[in-house]
Structure formats: C-alpha cells, structure tokens
Amino acid sequence: MRILGIETSCDDTGVALFDAQLGLLAHATYSQTTTHAPYGGVVPELASRDHTHKLLAVINTVIQEAEIAPRTIDGIAYTAGPGLNGALLVGAAFAKALGYAWNIPTIGIHHMEGHLLAAMLEEPAPTFPFISLLVSGGHTLLVEVFTIGKYKILGESLDDAAGEAFDKIGKLLGLPYPGGPALAKLAEEGDPKRFHFPRPLTNRAGLDFSFSGLKTFALNTFQGTNQSEQDKADIAYAFQEAVVDTLFIKCKRAIKATGLNRLVIAGGVGANQRLRSKLTELTTSAGTVIYYPRLEFCTDNGAMIAYAGYQRLKLGSDPTLEIHVHPRWPMDTLKK
Ligand code: KG4
Ligand code: ZN
C-alpha cells in the first residue's frame, strides 16, 4: 500500500509518500514563515492562500523525488483537523479532488494522531504501549498510547500550549516569529544564575500543565529590567529552563504513574535541544528509553500524515466526496 500524505493545518504545506514495504519514499515541506513573520504570528487567510498556491508544486516535487508513477498511489491521507479552518479546507478539497480523479480512497487524519505516530517512522520505532509528550504550538499533552486509535489523555494544558508560550515570550523579547527556536538560541547567552522562574502546577499532584502564569511572570520580570540585550537573554534562559523543567517533572510523574518505560516526544517544541538534554536524565535515573522523530518530523510535516493515513486506511476509508474539516477536534473522541 502506497499513501500520499497532505498536511495543511497551519503554516506548513507538508507532503509525503509512504510505502508499506519500502517505508518513506519522499517528503517535502514548504514553510510559510516568511509570509507570516511581518505580522508576528500566523494570519489565517494568508495561510490558506499560500497553501492554495504551493500545494500542487509540493505534491509534484514529492512524486518526482520518489520516482514513482501517480497511478501506483493507493490512497490519500489529509489533515482534517484540528487547525485553521481555511487552511484545512485547502488540503481536504485537494485530497478529495485528487482521490476522485485517480479513483482511490481518501481519509481525514487527526493532526495530533499524526504527531503521536511520527516517531514510528524512525529506527528503532517505539513499540506499544508508550507514553507520548506532545508539545506543539497549539497543544501540550501527555498521552498513554495503547495502540493505533487507543489513547488516554493523562494530562493537558489548562491554558496556553508550551509552544504558544515560547512564541509569546519570543515576541515580548522582540524576537522574530516563530519565537520558540529564536528564544532557545538567545537563551544560550543567558546568565543561569540571574533569574529563577516558577515551575507551574508541579507542587501539586496531577499531570496537567499551565503556562499562562509563567508568561505573566516573565512579562513582569522583563518590565522590571532595563530591557537590554543581556536582560533579554537572561529572561530567555530562565523561561526556557522553567518550561523544560516543568515538562521534565511531568514526564517523570507519568512514567511512575503508568509503569511504562518508553517515552515518545512529538511536536515542534520536541525540537528544543535543552528539553532533549534534560530528558536524557530519565534514561539514567528511571531506565526510560526516549524516542524522537527526526527534527523535521517534530514540526508539522506530511510524513506523519501519510503514516497515520496508512494505519487508518487499513481499517477503512471515507467513501464520501463531501469535504468536512474539524478545526476543533478533541483527541479522546478518536476511535480505534
Ligand atoms: O508542531 P508544530 O510545528 O506546529 C503545531 O502543530 O503547533 O509546533 C510549532 C511550535 C511553535 O510554537 C514553535 O515556536 C515551537 O513549536 N518550536 C520550538 C522549537 N522549535 C519549534 N520551541 C522551542 N524550541 C525549539 N527549538
Ligand atoms: Zn503540529
């Protein structure tokens, strides 16, 4: 079975071809960062237009790189939600039209399920069951993954997602969008001893997260300084440490609570090097094995959608030509 995956939920046009026997054949992502950077965040209407302009070209690139004939493709998977309504509609409409033209099945995929399964594209792939820490611009989740489609949410953010908090503090410090990678870079110049930020919700039981208070703490601290370059770097350092440490503490707790020793990291914040080095402490203290998708599959990409599509299409497709997307789509409503 050979599946074309299409991801257009936010500001990346991602496409990939996954083959059940051969694995990933090709993948490409067109990032809209330069389109949105002047506005300091994603502008939904511009995102939809950019997907419309670029999607066909990215699909062509992937098919050419894979050196396959389009008629050998057996199905199309597209991100059906959650995400930006217009952006999702571009991918869904394109997938349905192509599926109709090529007379092959299509299936709508949950974006977070794609992120959850992304590490399964790597060698060695994690085996079920495992815990996944899903940290992206829109979500912060700790999930117990029993098998494809059987997920138990152990904890989630009550307010801002970890990536969103990185982006907002990045903006506060005058960094370009997206703030996460830029803030991580600035933190390298920070003085570790200057500020200590709180680790929210770690001094009480449970696995939920909250980052909005930490954001306010960073804002107040920033306003109490001269806002020099060094002040900014010191705040970036303290902020990153607080987020990373909070994620670390909750992962450690989730491992203890479930008794599982496989931890899979997913989502854009999973690209954060400080988080990765901190989590290695779990491998020595708790004997946990940690799995990461390669960096380009931490952030939004077509490969994770193609792979999730392969798993889901084995179970059945969506036979209708109606185009439905779900901008809000709680993960625990997914079926096995
Ligand atoms: O998974 P993703 O590509 O898109 C969503 O589905 O949201 O995640 C994007 C998020 C952004 O908030 C971005 O700032 C953050 O991931 N991010 C990072 C890093 N790279 C990306 N945050 C911290 N450190 C990084 N190195
Ligand atoms: Zn994502």
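As shown above, the structure is provided for reference.
Quick caveat, the model's predicted, so the values are computed rather than measured. (Residues numbered from 1 in each chain as written. Chains lettered and ligands numbered in written order. Predicted model: local features only at pLDDT ≥ 70, side-chain atom pairs only at ≥ 80, totals over all residues. Heavy atoms only, no water.)

S.K.: Where do I start with the overall build of the protein chain in this structure?
M.R.: Scanning the protein chain for helices and strands turns up 11 helices and 10 strands. Relative to the compact-globule value of 20 Å for 336 residues, the protein chain shows a C-alpha radius of gyration of 20 Å, a close match. In terms of overall dimensions, the protein chain has C-alpha extents of about 60 × 45 × 30 Å along its principal axes. Within the protein chain, the proportion of its 336 residues that are buried is 54%. Within the protein chain, contacts between residues at least 6 apart in sequence are counted, and of these 73% link residues at least 24 apart. As displayed, the protein chain has an accessible area near 14,400 Å², and 53% of this comes from carbon and sulfur atoms. (Helix = DSSP H or I, 4+ residues; strand = E, 2+ residues; numbered from the N terminus. Rg over C-alpha atoms; globule rule 2.2 N^0.38 Å. Buried < 20%, exposed > 50% of the residue type's maximum accessible area, 1.4 Å probe, protein only. Contact = heavy atoms within 4.5 Å. Areas by Shrake-Rupley, 256 points an atom, 1.4 Å probe, with all protein chains shown as cover.)

S.K.: Is there a simple way to think about the site of ligand 1 in this case?
M.R.: In the region of ligand 1, 19 residues are neighbours, and Gly137, Asp167, Gly180, Gly268 and Asn272 sit closest. One nitrogen or oxygen atom from the side chain of Asp167 is found 2.6 Å from an oxygen atom belonging to ligand 1. Contact distances for ligand 1 include 3.1 Å between an oxygen atom and a backbone N or O atom of Asp300. When the free accessible area of ligand 1 is taken as 560 Å², the share hidden by the protein chains comes to 87%. Residue assignment for the shell around ligand 1 shows that the elements contributing at least two residues are helix 4 (111–117), helix 5 (162–172) and helix 6 (179–187). For the shell around ligand 1, the leading source of residues is helix 5, giving 3 residues. Here the shell around ligand 1 is built from residues that sort into 6 nonpolar, 11 polar and 2 charged. (Near = heavy atom within 4 Å. Polar contact = N/O pair within 3.5 Å; in protein donor to acceptor, adjacent residues only side chain to side chain. Nonpolar A, V, L, I, M, F, W, Y, C, P; charged D, E, K, R; others polar.)

S.K.: Hey, could you run me through helix 7 (residues 212–223) in this one?
M.R.: Since the α-helix turns once every 3.6 residues, residues separated by three or four places project in the same direction. Between the first and last C-alpha of helix 7 there are 17 Å, a value that for 12 residues agrees with the 16 Å anticipated at 1.5 Å per step. Burial in helix 7 covers these residues: Leu214, Lys215, Ala218, Thr221 and Phe222. Projected onto a plane normal to the axis of helix 7, the buried residues spread over an arc of 125 degrees and lie on a single side. Buried-residue contacts for helix 7 involve helix 5 and helix 8 (229–258). (Expected span 1.5 Å × (residues − 1). Arc of directions from axis to C-beta.)

S.K.: Which parts of the structure should I look at to understand the packing of helix 2 (residues 44–66) against helix 3 (residues 85–102)?
M.R.: Geometrically, a packed helix pair is captured by the angle between its two axes and the distance between the axes. Where helix 2 meets helix 3, the axes come as close as 9 Å, and the angle between the chain directions of the two elements is 40 degrees. The orientation of helix 2 with respect to helix 3, classified from their angle, is oblique. The way helix 2 lies across helix 3 gives a crossing that is right-handed. Residues Ser48, His51, Thr52, Leu55, Leu56, Ile59 and Ile63 of helix 2 lie in contact with helix 3, whose contacting residues are Gly86, Ala87, Val90, Gly91, Phe94, Leu98 and Trp102. (Axes fitted to C-alpha atoms, helices over the stretch in contact; angles between N-to-C directions. Parallel < 35°, antiparallel > 145°, perpendicular 65-115°, else oblique. Left-handed = near helix turned anticlockwise from the far one by under 90°.)

S.K.: How should the sheet that holds strand 9 (residues 262–266) be read in this particular structure?
M.R.: Note on sheets: strands pair through backbone hydrogen bonds, and any given pair is parallel or antiparallel. Spatially, 8-7-6-9-10 is the arrangement adopted by the 5 strands of the open sheet, whose pairing is mixed. The open sheet has two edge strands with one neighbour each: strand 8 (150–156) and strand 10 (289–291). When the angles between neighbouring strand axes are averaged without regard to direction, this sheet yields 25 degrees. In this structure, strand 7 (residues 140–147) lies alongside strand 8, joined through 6 bridges in antiparallel fashion. When the bridges of strand 8 are listed, Glu144 appears paired with Lys152. Across the sheet, helix 8 touches strand 6 (130–135), strand 7, strand 8 and strand 9, and the angle it forms with strand 6 is around 160 degrees. Running over the sheet, helix 9 (residues 273–285) touches strand 9 and strand 10 and is turned about 150 degrees from strand 10. (Pairing = 2+ DSSP bridges.)

S.K.: Help me understand the coordination of the zinc ion (ligand 2) in this model?
M.R.: By definition of the ideal shapes, a tetrahedral metal site with four donors has angles of 109.5 degrees and an octahedral site with six donors has angles of 90 or 180 degrees. Here the zinc ion (ligand 2) is held by the protein donor atoms His111 (NE2), His115 (NE2) and Asp300 (OD), which lie 2.0 to 2.1 Å from it. Along the chain, the residues donating to the zinc ion (ligand 2) are arranged with the sequence spacing H-x3-H-x184-D. Of this pair, His115 sits in helix 4 while Asp300 sits in the loop between helix 10 (295–298) and helix 11 (302–313); the two residues are 185 residues apart in sequence, bridging distant segments of the chain. Residue His115 is classed as buried on the basis of its relative accessible area of 1%. Given a relative accessible area of 14%, Asp300 falls into the buried group. (Donors = N, O, S within 2.8 Å, 3.2 Å for Na, K, Ca; no water.)

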